[in-house]
Amino acid sequence: MTIASATSRMSYVGNGSTTVFAIPYYFQQNSDIVVAVQDTNGTVTTKVLGTDYTLSGATLSAGGSCTFTTAPTSGYIIAIYRVPPLTQTLSLNNNDPLPADSLETEFDKTATIDQYLKSLIDRAILVAPTDTPPMSTLPPASVRALKNFTFDGSGNPAASLNTSGGAAVSAAMLPVVAGSTLTIARAAMGLNGYGMRDDGTLLYANQTITSISTNQAPTAASHNTRYTATTAVTFTLLKASTLWDGYSLWIDAAGGDVTVTPNASDNIDSYGAGVNFTVPLGARVRLTTDGAASGKWFVDGMPWLVQNPISCSGTRNITRADNGKILKHNSGAFGVFQFPAAANLPANFRCLIVNGETTPIGKGVGGTNLGSFRLYPGQAHLVINDNGTVRVVGGKQLYIVDTVQLYTDASSGSDDPLVADGLSTGARANRTLNATRNQLYRDFDHNGSQPICTHTGTFTESVTFGGQPINTGVFWWNGSSAGAFIWRPTNSGSPFCAIIGDGAVVEMGNVWTDGGGVVSVAFQLHQTAILDINAGCAFGSHGNPGGGHIATDGNGVTCNINASYALNGVGGASNHISTPSMAMVNIAGSITVTITNTPNMGTWFRQNTPSTISLGSGITFSGAIVAGCQKWAVGGPSFLSLSGNGANIPGSVAGSPAAGSAPTASTGFVVA
């Protein structure tokens with residue numbers, strides 16, 4: 001038989017299911033085959049014939065196969081190779097016939113031995129064929145022990161304590177390299193002494209813990225020391241450049257605030273050069289320096305919210321020194337937190353601002369992403385430098401309050417949150433009605449209460465009440481006294497004193513309106529709005545075309561006139577009360593309507609669509625109006641209940657239809 005293939009080794013990768021692997025080369029006997037498996041950790045195991053695997057195909061020129069008892073694990077590398085015995089077992093006798101089969105078998109065995117040796121040579125380190133003379137042998141074991149395998153200047157094997165670059169290890173490092181254990185080597189380097197601890201396997205940073213009650217001046221030997229200050233003390237730091245990059249120490253302020261004083265050339269965190277830093281009571285921090293000429297000390301672990309708040313008064317101009325502080329405005333007077341541009345604050349700036357008042361005193365906040373706004377008693381906001389923006393984290397909070405009282409003063413007030421809080425009269429009051437309206441609607445959760453807005457002065461603006469302020473049942477819109485609140489808008493583009501919007505429920509008292517020849521309607525009520533007119537109210541001139549004192553323009557409107565009131569405008573109005581929608585107007589009995597200056601009126605009551613006006617009995621009308629006013633004009637199918645007041649209603653023209661007459665398609669029903 002011939003051996004035509006030079007293959008004597010096969011490699012496979014297990015998949016967890018295959019058990020049979022081909023051996024595509026000749027082998028004389030099963031013991032010539034070695035099977036080894038390498039796991040994913042690189043560990044090689046030689047398998048046992050008959051236990052781990054079986055073979056077939058011995059003596060066959062095409063080879064055979066290896067069958068594993070258990071399929072090799074997926075990812076395991078399988079090597080099947082031939083290792084023939086290095087023996088010659090054929091014996092030939094003189095003059096005997098030459099046994100061709102036996103002789104060929106020995107030749108085959110010799111070929112397999114040659115192939116095996118060739119496979120070993122393929123895995124050996126060989127010198128180049130051009131090397132002359134050949135490479136010399138290795139030094140003896142006694143010379144090689146605990147040394148590196150290197151090559152000398154001629155390229156021959158050598159054993160030395162050299163680096164891979166060929167340079168000899170320095171005398172200072174020879175004890176380290178020659179150390180027989182980690183502990184000996186580390187000791188030679190000085191690593192298991194100061195600041196370090198060696199357990200024979202691992203090396204740990206050692207830390208000294210010391211309790212102190214006096215001022216400290218840490219030295220280089222204080223590196224990694226943890227100081228527990230049992231009282232208020234001061235740490236005076238060395239110049240950073242006299243230490244090293246990474247020098248650090250811990251300070252635990254267990255018994256009082258700890259003051260840290262850097263060298264005049266160094267700065268702590270974002271503070272200026274030489275500026276002290278305070279570790280507040282209860283905080284535990286780590287100070288680490290970069291060791292530079294103008295050194296920096298970094299502060300880690302500062303739980304800044306445990307520190308004591310810093311009391312403020314007046315205008316507190318925030319600076320970079322306020323980084324990490326809690327600032328509490330509790331001076332008992334209006335005050336301001338004013339933030340600078342973000343460029344003037346550290347990149348990691350954060351500051352908690354608190355209104356610490358226990359009575360209704362607000363604080364102004366300026367310079368943030370929210371512009372200027374008010375901080376109410378008990379409120380707190382976290383303010384940070386957010387990539388170049390001074391930002392109020394979480395945005396402005398609603399102030400939850402029971403029955404807040406807001407004030408407007410046309411002469412002394414201010415709408416600037418940095419000047420006034422709207423919570424008191426005079427200089428702290430808002431200046432305009434809309435500023436108070438916005439504050440009422442935007443700043444508060446009224447918690448089911450009835451906020452009160454009180455106004456003083458003459459105001460020239462229109463106001464729209466768009467529904468109810470947050471979580472209110474009703475709110476009050478009053479003058480500070482009768483005649484103290486005059487509502488005289490001058491903008492013809494908004495021809496109302498007030499629009500009472502959908503769902504708004506408003507109580508008004510001591511309100512004097514005056515159209516001034518510009519505003520057509522005092523109060524315009526939109527659908528589902530409710531307006532109560534209480535004591536001290538008066539209507540001036542609202543005589544523009546279609547003008548009036550009270551008008552509705554949506555379904556579900558209710559207006560209740562609960563107290564005596566006055567008409568005092570010369571211009572009067574086209575209609576005193578006009579309901580061109582499904583509305584209900586209730587006028588209390590036994591009240592007095594005082595008319596002065598003989599106003600010019602078109603119609604006292606004008607009703608269209610299904611609306612109801614109901615008068616209580618015993619209403620007194622004092623004063624006169626210009627002749628020509630019609631008492632009422634009731635369109636179908638509206639309803640007017642006069643309760644005996646018909647003859648007294650102002651107007652020289654009889655109402656239509658007459659009281660008690662049958663309603664028609666175009667007229668409503670009037671009950672005397």
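Each value, and the rule that gives it
- Every chain begins its residue count from 1, and numbering advances along the sequence as written.
- For a predicted model such as this one, the threshold for reporting local features is a pLDDT of at least 70, and the threshold for listing and counting side-chain atom pairs is 80 or more; totals across whole chains, interfaces and linings nevertheless cover every residue.
- Heavy atoms throughout the structure, all of them, feed into the side-chain values; hydrogens and water do not.
- Whether a residue is buried, partly exposed or exposed follows from its accessible area with a 1.4 Å probe, protein chains only, as a fraction of its type maximum: under 20%, in between, or over 50%, in that order.
- Only DSSP runs of H or I covering at least 4 residues are called helices, and only runs of E covering at least 2 are called strands; the numbering of each starts at the N terminus.
- Pairing between two strands requires that DSSP report at least two bridges joining them.
- One speaks of a salt bridge when a side-chain nitrogen belonging to Lys or Arg is within 4 Å of a carboxyl oxygen belonging to Asp or Glu.
- In this analysis, axes come from line fits to C-alpha atoms, helices being fitted only over the stretch in contact, and the angle between any two N-to-C directions falls in the range 0 to 180 degrees.
- Working rule for contacts: check all heavy atoms of both residues, and any pair within 4.5 Å makes them a contact.

A. Spotlight on helix H5 (residues 433–442). Across the 10 residues that make up H5, a large majority, seven, are buried. The set of residues buried in H5 consists of Leu433, Ala435, Thr436, Arg437, Gln439, Leu440 and Tyr441.

B. Representation of the pairing of strand S2 (residues 20–23) in the model. Across the two faces of S2 the burial differs, with Phe21 and Ile23 buried and Val20 and Ala22 not buried at all. As judged from the four bridges shared by S2 and strand S6 (residues 64–68), these two strands associate in the antiparallel manner. Along S6, the bridge assignment pairs isoleucine 23 with glycine 64.

C. Main features of the pattern of salt bridges. Tallied over the full model, the rule gives seven salt bridges. A salt bridge links lysine 363 to glutamate 357; the nearest nitrogen and oxygen atoms lie 2.7 Å apart. Since its relative accessible area comes to 9%, glutamate 357 is described here as buried. Here lysine 396 and aspartate 443 are joined by a salt bridge, their closest N and O atoms 3.1 Å apart. Within this pair, whereas lysine 396 is found in the loop between strand S29 (389–392) and strand S30 (399–400), its partner aspartate 443 is found in the loop between H5 and strand S32 (444–445), the two being separated by 47 residues in sequence. Judged by its relative accessible area of 38%, lysine 396 falls in the partly exposed class.

D. The arrangement of the sheet that holds strand S7 (residues 77–82) in detail. In spatial order, the strands read S1-S7-S3-S4; together these four strands make up an open sheet with antiparallel pairing. With partners counted over all chains shown, the strands left at the sheet margins are strand S1 (9–13) and strand S4 (44–46), one partner each. Averaged over all pairs of adjacent strands, the angle between strand axes in this sheet comes to 20 degrees, irrespective of strand direction. Inspection of the sheet shows S1 paired to S7 by five bridges, in the antiparallel sense. Counted as the bridge partner of valine 13 is isoleucine 77 from S7.

E. Quick look at the environment of alanine 273. Relative to the helices and strands, alanine 273 resides in the loop between strand S17 (267–268) and strand S18 (277–279). Along the primary structure alanine 273 and aspartate 402 are separated by 129 residues, whereas in three dimensions their C-alpha atoms are 49 Å apart. With residues near it in sequence (within four places) discarded, alanine 273 still touches Ala264, Ser265, Asp266 and Asn267.

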